[in-house]
Amino acid sequence: VRVWINGEETLIISKASATFYIMKHSHYVSRFGSKLGLQCIGMNENGIIFNSNPSLWKIIRPFFIKALSGPGLMQTTEICIRSTKHYLDNLGNVTNELGNVDVLKLMRLIMLDTSNNLFLRIPLDENEIVLKIQKYFDAWQALLLKPDIFFKISWLYKKYEKSANDLKEAIEILIEQKRQKLSSSEKLDENMDFASELIFAQNHGDLTAENVNQCILEMLIAAPDTMSVSLFFMLVLV
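A few points on the structure. (Residues numbered from 1 in each chain as written. Predicted model: local features only at pLDDT ≥ 70, side-chain atom pairs only at ≥ 80, totals over all residues. Heavy atoms only, no water.)

Quick notes on the nonpolar core
- By size, the foremost hydrophobic cluster in this structure holds 56 residues, and its most contacted members are Ile 41, Tyr 136, Phe 194, Ile 216 and Ile 221.
- When residues of this core are traced back to their parent elements, those giving at least two are helix H2 (35–41), helix H3 (54–67), helix H5 (76–89), helix H6 (103–119), helix H7 (126–143), helix H8 (154–183), helix H9 (194–203) and helix H10 (209–237).
- Those residues in contact with Ile 221, other than ones at most four positions away along the chain, are Met 43, Ile 133, Tyr 136, Phe 137, Trp 140 and Leu 167. (Core = buried A, V, L, I, M, F, W, Y, C linked by side-chain atoms within 4.5 Å. Buried < 20%, exposed > 50% of the residue type's maximum accessible area, 1.4 Å probe, protein only. Helix = DSSP H or I, 4+ residues; strand = E, 2+ residues; numbered from the N terminus. Contact = heavy atoms within 4.5 Å.)

Right, dumping it as structure tokens:
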């Protein structure tokens with residue numbers, strides 16, 4: 001079905017019954033994400049996932065396109081292999097006392113390490129960040145389609161808001177480390193990556209600090225959930 005959202009043609013591909021269920025509501029746009037819920041997790045008119053500000057989305061999108069193509073894409077396989085080997089060599093870290101491996105956590109650690117080596121390149125505690133990412137996704141899932149009245153009762157959403165803020169604060173610390181690394185680097189070409197491009201865009205006034213934080217956050221959270229779960233079920237089926 002073709003609809004117009006913010007003045008732009010948008011195609012929704014789905015079962016007719018599902019499309020009808022969405023479209024029959026007079027405020028159907030809200031079904032794509034609660035504004036208050038998105039504000040809680042930092043995605044309302046920010047970042048690239050569920051960004052409801054088309055003009056800002058168009059400014060941000062080229063940074064993601066550049067990071068996910070060209071030289072960055074060419075080195076992905078090598079970095080994935082190196083990261084996988086590293087975590088397989090340290091399998092004891094995800095093995096319990098019965099000798100069972102937490103395969104999903106293993107996948108998430110590999111994915112996060114790969115994303116970090118591609119897009120941020122700052123030493124981080126993968127175990128800590130993976131846990132914060134999982135809590136962030138729990139908050140996202142819980143808040144995305146909640147009615148506005150839900151957010152009038154603070155004790156219902158505060159724990160989810162805290163989970164989102166915990167991850168944002170952790171990313172903010174990493175970004176500050178990246179800034180310091182860039183400022184002390186003699187050869188900027190060697191340190192240019194997704195995070196660097198965003199930081200320089202902020203320095204030029206094209207993006208805010210919040211934009212940079214959310215974009216890097218969204219780039220780092222993407223694979224540890226979607227790709228990890230897909231690979232986990234692929235291994236189960238094998």
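That was the structure; now back to the text.
Observations regarding the packing of aromatic side chains
- In this structure the tally under the stated criterion is seven aromatic pairs.
- Between Phe 50 and Trp 140, the ring centres sit 6.0 Å apart and the planes meet at 85 degrees, which makes this aromatic pair edge-to-face. Taken together, the residues Phe 50 in the loop between H2 and H3 and Trp 140 in helix H7 connect sequence positions 90 residues apart.
- Pairing Phe 151 with Tyr 157 gives two aromatic rings, centres 5.6 Å apart and planes at 50 degrees, and the pair type is tilted.
- Exposure remark for Phe 151: the relative accessible area of 11% places this residue in the buried category.
- Cluster of aromatic residues (ring-pair linked, three or more members): Phe 50, Phe 137 and Trp 140.
- Over the ring of Phe 150 we find Lys 146; its NZ or CZ atom is 5.4 Å from the centre of that ring. (Phe/Tyr/Trp six-rings, centres within 6.5 Å; stacked < 30°, edge-to-face > 60°. Lys NZ or Arg CZ within 6 Å of the ring centre and 35° of its normal.)

What to know about the pattern of salt bridges
- For the coordinates displayed, the defined rule picks out 10 salt bridges.
- Between Lys 85 and Asp 89 there is a salt bridge, and its shortest N-O distance comes to 3.2 Å. Residue Lys 85 and its partner Asp 89 are located together in helix H5, separated by four residues, close to a single helical turn.
- Of the residues examined, Asp 89 reaches a relative accessible area of 54% and is grouped as exposed.
- Its salt-bridge partner being Arg 121, residue Asp 193 comes within 2.9 Å of it at the nearest N-O pair. Pair noted here: Asp 193 is in the loop between H8 and H9 and Arg 121 is in the loop between H6 and H7, with a separation of 72 residues, a long-range link. (Salt bridge = Lys/Arg side-chain N within 4 Å of Asp/Glu carboxyl O.)

Describing unusual backbone geometry
- The phi angle at Glu 45 is positive, at roughly 55 degrees, despite the residue not being glycine.
- Residue placement: Glu 45 occurs in the loop between H2 and H3.
- For Arg 121, which is not glycine, the phi dihedral falls at a positive 60 degrees.
- The class of Arg 121 is partly exposed, set by a relative accessible area of 28%.

A short note on the packing of H6 against H7
- Packing of H6 against H7 brings their axes to within 10 Å, and their N-to-C directions diverge by 105 degrees. Taken together, the axis directions place H6 and H7 in an arrangement best described as roughly perpendicular. Contacts between H6 and H7 involve Lys 105, Arg 108, Leu 109, Leu 112 and Asp 113 on the former and, on the latter, Glu 126, Asn 127, Ile 129, Val 130, Ile 133 and Gln 134.
- A class-by-class count of the residues in the contact of H6 with H7 yields five nonpolar, two polar and four charged. (Axes fitted to C-alpha atoms, helices over the stretch in contact; angles between N-to-C directions. Parallel < 35°, antiparallel > 145°, perpendicular 65-115°, else oblique. Nonpolar A, V, L, I, M, F, W, Y, C, P; charged D, E, K, R; others polar.)

Regarding the environment of Ala 201
- Secondary-structure assignment places Ala 201 in helix H9.
- Along the backbone, Ala 201 and Ala 18 are 183 residues apart, and their C-alpha atoms lie at a distance of 40 Å.
- For Ala 201, the contacting residues outside a window of four places in its chain are Phe 63, Asp 206 and Leu 207.

Topic: the environment of Phe 200
- Tracing the chain through its elements places Phe 200 in helix H9.
- We classify Phe 200 as partly exposed; its relative accessible area is 24%.
- For the pair formed by Phe 200 and Arg 179, sequence separation is 21 residues and the distance between their alpha carbons is 9.3 Å.

A word on the side chain of Asn 51
- Examined against the element boundaries, Asn 51 turns out to sit in the loop between H2 and H3.
- Asn 51 gets classed as buried once you look at its relative accessible area, which sits at 12%.
- Among the polar contacts listed, one links the side chain of Asn 51 to the backbone nitrogen of Asn 46, at a separation of 3.5 Å.
- A distance of 2.9 Å separates a polar side-chain atom of Asn 51 from the backbone nitrogen of Asn 53.
- Beyond its immediate stretch of four places on either side in the chain, Asn 51 contacts Met 43, Glu 45, Asn 46, Leu 56, Trp 57 and Ile 60. (Polar contact = N/O pair within 3.5 Å; in protein donor to acceptor, adjacent residues only side chain to side chain.)

So, the side chain of Gln 214
- Looking at the secondary structure, you find Gln 214 in helix H10.
- Assessed through its relative accessible area of 1%, Gln 214 is described here as buried.
- Among all residues touching Gln 214, those that are not within four sequence positions of it are Ile 41, Gly 42, Met 43, Asn 46, Gly 47, Tyr 136 and Lys 168.

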